[in-house]
Amino acid sequence: MNVVIPPLSLVGPVITIRKFSKKPITTDQLLGYGSISKKMLSFLEACVKGKLNIIVSGGTGSGKTTMLNVLSSFIPDNERIITIEDSAELRLIQDHVITLESRPSNLEGRGKISIRELVVNALRMRPDRIIVGEVRSAETIDMLQAMNTGHDGSLTTIHANTPRDSLSRIETMVLMSGMDLPLRAIRDQTTSAIDIIIQQSRLRDGTRKVVNITEVTGLEGEVIVMQDIFSYEMTGQLDTDGKFKGRFKSMGIKPRCLEKIAHNGVMINDDWFIE
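For clarity, every value in this text was computed on a predicted model and none was experimentally measured.

Visitor: Sorry if this is basic, but what is going on with unusual backbone geometry here?
Guide: Across the chain, the bulk of peptide bonds are trans and the bulk of non-glycine residues have phi less than zero. Cis geometry is adopted by the peptide bond preceding proline 7, which originates at proline 6 and carries an omega value of 10°. A positive phi angle, near 60°, is found at lysine 51, a position not held by glycine. Inspection of the secondary structure puts lysine 51 in the loop between α2 (38–49) and β3 (54–58). A positive phi angle, close to 50°, is found at arginine 126, a residue other than glycine. By the element assignment, arginine 126 lies in the loop between α4 (115–122) and β6 (129–132).

Now the structure itself:
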């Protein structure tokens, strides 16, 4: 819940409530809503089980938390999971889950516990997976370092409009953390840490779609190289329900991360990448 009162609000008290279902949305529901294709979902399941580091990117209300919940459902039951959030919204079904929540300062300005402090503390708790509800400031550098130091299979979300924008935001937030690092070093950390970016979008007709699944492939000079594996293509037409017509399509590219997925004992289907 978020409350704004006068004099900050010029129209009287404003209350915003975000209410989540006690039962998390399932993969079958996502497919039924047309938010993702079966091939894309199968590939993402292999990515999670294959311990790839994944970022879910998107705007406000685009379905990032819902997608994070769906991805987390693919994590094996025998793994120790630590979730870190500003406000606990994730609903994990596994048994071995530790949920941490940040705390704002009191009226005297004391007692604040930030996401960054929780990420640092989580590294001392022998996690198999770290899930951060959203990176938005200084904790980004700690999350990247965690991904680079043996905590494969970590998941998080970020506010950004495109996969490329999400990497730019990560660079900005690392610089905001006060770390005096050259841009090249930040990009080295980013490319070695992040494997897959899932781009969520809320379309003008109100539907939520996974519009891109993009792989971060490396660094060429000063530029981070990425390639789309799947995308959503709109035709601009409307169906009988007033929704935009479109289709999910494979780009016909076999991602480089398949080797890492196979190394972790997860089966791969080449048909996922055939248009």
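Alright, that's what it looks like, and here's the rest.
Visitor: When you look at the side chain of glutamate 134 in this model, what are you seeing that I'm missing?
Guide: Turning to its location among the elements, glutamate 134 is positioned in the loop between β6 and α5 (139–148). For glutamate 134, a relative accessible area of 16% gives the class buried. In this structure the side chain of glutamate 134 is engaged in a polar contact, spanning 3.4 Å, whose partner is the side chain of histidine 159.

Visitor: Explain a nonpolar patch on the surface to me, please; I cannot follow it from the model alone.
Guide: A cluster of nonpolar side chains, Met1, Val3, Ile5, Ile15 and Ile17, forms an exposed patch at the surface whose accessible area comes to about 580 Å². Relative to the assigned elements, valine 3 resides in strand β1 (residues 2–4). Residue classification places valine 3 among the partly exposed residues on the basis of a relative accessible area of 47%.

Visitor: It is not clear to me how the pattern of salt bridges should be interpreted in this structure. Could you clarify?
Guide: For side chains of opposite charge, pairing can occur when their charged atoms come near one another. On inspection of all chains with the given rule, the structure shows 13 salt bridges. One salt bridge connects aspartate 195 with lysine 260, and the closest N-O pair in it is separated by 3.3 Å. Of this pair, aspartate 195 sits in the loop between α7 (183–193) and β8 (196–202) while lysine 260 sits in helix α8 (residues 258–263); the two residues are 65 residues apart in sequence, bridging distant segments of the chain. Judged by relative accessible area, which is 14%, aspartate 195 ranks as buried. We classify lysine 260 as partly exposed; its relative accessible area is 27%. Residue aspartate 270 pairs with lysine 254 through a salt bridge whose shortest N-O separation is 3.1 Å. Taken together, the positions of aspartate 270 in the segment after α8 and lysine 254 in the loop between β11 (244–250) and α8 put the pair 16 residues apart, joining distant regions of the chain. By relative accessible area, which is 43% here, aspartate 270 ends up partly exposed.

The rules behind each value
Residues numbered from 1 in each chain as written. Predicted model: local features only at pLDDT ≥ 70, side-chain atom pairs only at ≥ 80, totals over all residues. Heavy atoms only, no water. Helix = DSSP H or I, 4+ residues; strand = E, 2+ residues; numbered from the N terminus. Buried < 20%, exposed > 50% of the residue type's maximum accessible area, 1.4 Å probe, protein only. Polar contact = N/O pair within 3.5 Å; in protein donor to acceptor, adjacent residues only side chain to side chain. Patch = residues over 30% accessible without salt bridge, like charges linked within 9 Å, V, L, I, M, F, W, Y side chains within 5 Å. Areas by Shrake-Rupley, 256 points an atom, 1.4 Å probe, with all protein chains shown as cover. Salt bridge = Lys/Arg side-chain N within 4 Å of Asp/Glu carboxyl O.

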